[in-house]
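# Working through the structure, step by step
Below are the chains, spelled out letter by letter.
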Amino acid sequence: MSTPNFDQLLEAGCHFGHMKRKWNPAMAPYIFMERNGIHIIDLYKTQAKLEEAAAALRNIAKGGKKILFVATKKQAKEIIADKAQSVNMPYVIERWPGGMLTNFPTIRKAVKKMTSIDKMTKDGTFDNLSKREKLQITRQRAKLEKNLGSIADLNRLPSALFVVDVCKEHIAVAEANRLGIPVFAIVDTNSDPSNVDFVIPANDDASKSIDLILSTVCESINEGLEERKVEKADEKASAENADAAPRRERRRVSRKAEGEAEVAETEVAEAAE
């Protein structure tokens with residue numbers, strides 16, 4: 001994994017915070033200075049924290065666990081969707097459905113409803129409905145797809161949450177905190193980092209900043225997934241070798257027994273002569 005250097009972070013505008021009057025005092029350790037009424041984020045700390053978060057996410061992915069990406073703000077939606085899909089992870093880019101984590105079974109029921117509608121379409125049941133019923137079901141399916149389509153494969157609670165803008169996604173962060181799910185987040189100078197386990201201090205409004213950080217994070221996750229594949233292949237090869245060893249031993253014993261039998265037969269034949 002290659003962590004962006006200082007110049008790359010600077011070029012992406014990761015150092016721009018919010019106006020001084022909007023700052024959160026808890027972000028003071030990550031602020032380098034104030035210029036023209038705007039706080040400037042310390043990019044050396046951004047770099048260190050990004051590396052730390054990426055390493056933790058790689059280990060989670062290596063363990064075969066799911067990471068849920070959350071960003072409902074306009075400038076982050078497409079980036080989140082693209083990056084999460086590239087590593088086959090679930091994501092939320094529309095409105096956060098309240099209770100998605102704390103009331104997960106209910107969300108799963110809604111996802112199953114979407115699956116049952118698809119089944120109706122395939123087995124011909126849908127064709128037997130009236131025009132009004134078809135329209136209602138089609139609209140319901142479209143709504144479910146829009147809000148929950150990206151988490152259709154999430155069969156259990158995620159092992160981590162990655163959030164862009166903890167202020168906007170405060171409900172998601174609160175639910176994760178309540179369930180003890182670690183939270184990774186891009187945190188700007190107007191946000192409270194106390195509820196975030198892995199803070200990445202950076203500009204959470206600029207698309208370039210979001211893209212650079214997410215690219216780094218997803219690259220790390222992909223490395224973890226590749227390491228998992230290699231480990232699984234090694235385990236499979238070891239298991240096959242372990243199964244093959246007894247078979248080789250049995251063949252060796254069998255050949256030895258056959259050889260001894262042939263010698264015995266020869267000796268008996270010579271004695272008879």
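Structural notes, computed from the coordinates. This one's a predicted model, so the numbers in the text were calculated from it and none came from an experiment.

What follows covers the nonpolar core. Membership of the largest hydrophobic core comes to 36 residues, with the highest contact counts inside it found for Ile67, Phe69, Phe162 and Ile221. Breaking this core down by element, the ones donating at least two residues are α2 (43–62), β4 (67–70), α3 (74–86), β6 (160–164), β7 (183–187) and α7 (207–272). Ignoring sequence-local partners within four residues, the contact set of Phe69 consists of Ile80, Ala84, Met89, Pro90, Tyr91, Val92, Phe162, Leu214, Val217, Cys218 and Ile221. Counting 29 residues, the second largest nonpolar core, distinct from the first, contains Met100, Val111, Leu144 and Val173.

This brings us to unusual backbone geometry. Residues other than glycine seldom take positive phi values, yet Asn88 does so here, at roughly 55 degrees. The topology assignment puts Asn88 in the loop between α3 and β5 (91–92). According to the relative accessible area criterion, Asn88 is exposed, its value standing at 54%. Of note in this structure, Asp165 is not a glycine but carries a positive phi near 75 degrees. Along the chain, Asp165 turns up in the loop between β6 and α6 (170–179). Exposure remark for Asp165: the relative accessible area of 10% places this residue in the buried category.

The next point concerns α3. Of the positions making up α3, those classed as buried are Ala76, Ile79, Ile80, Ala81, Lys83 and Ala84. One or two steps after α3, the chain reaches Asn88, where phi turns positive at roughly 55 degrees.

Time to look at the sheet that holds strand β3 (residues 38–41). Read across the sheet, 3 strands follow the order β1-β3-β2 without closing on themselves; strand pairing throughout is antiparallel. Looking along the sheet, the strands with just one partner apiece sit at the ends: β1 (16–19) and β2 (31–35). Each strand of the sheet is rotated relative to its neighbour by a mean of 30 degrees, with strand direction disregarded. In this structure, β1 lies alongside β3, joined through 2 bridges in antiparallel fashion.

Analysis parameters
- Residues numbered from 1 in each chain as written.
- Predicted model: local features only at pLDDT ≥ 70, side-chain atom pairs only at ≥ 80, totals over all residues.
- Heavy atoms only, no water.
- Core = buried A, V, L, I, M, F, W, Y, C linked by side-chain atoms within 4.5 Å.
- Buried < 20%, exposed > 50% of the residue type's maximum accessible area, 1.4 Å probe, protein only.
- Helix = DSSP H or I, 4+ residues; strand = E, 2+ residues; numbered from the N terminus.
- Contact = heavy atoms within 4.5 Å.
- Pairing = 2+ DSSP bridges.
- Axes fitted to C-alpha atoms, helices over the stretch in contact; angles between N-to-C directions.

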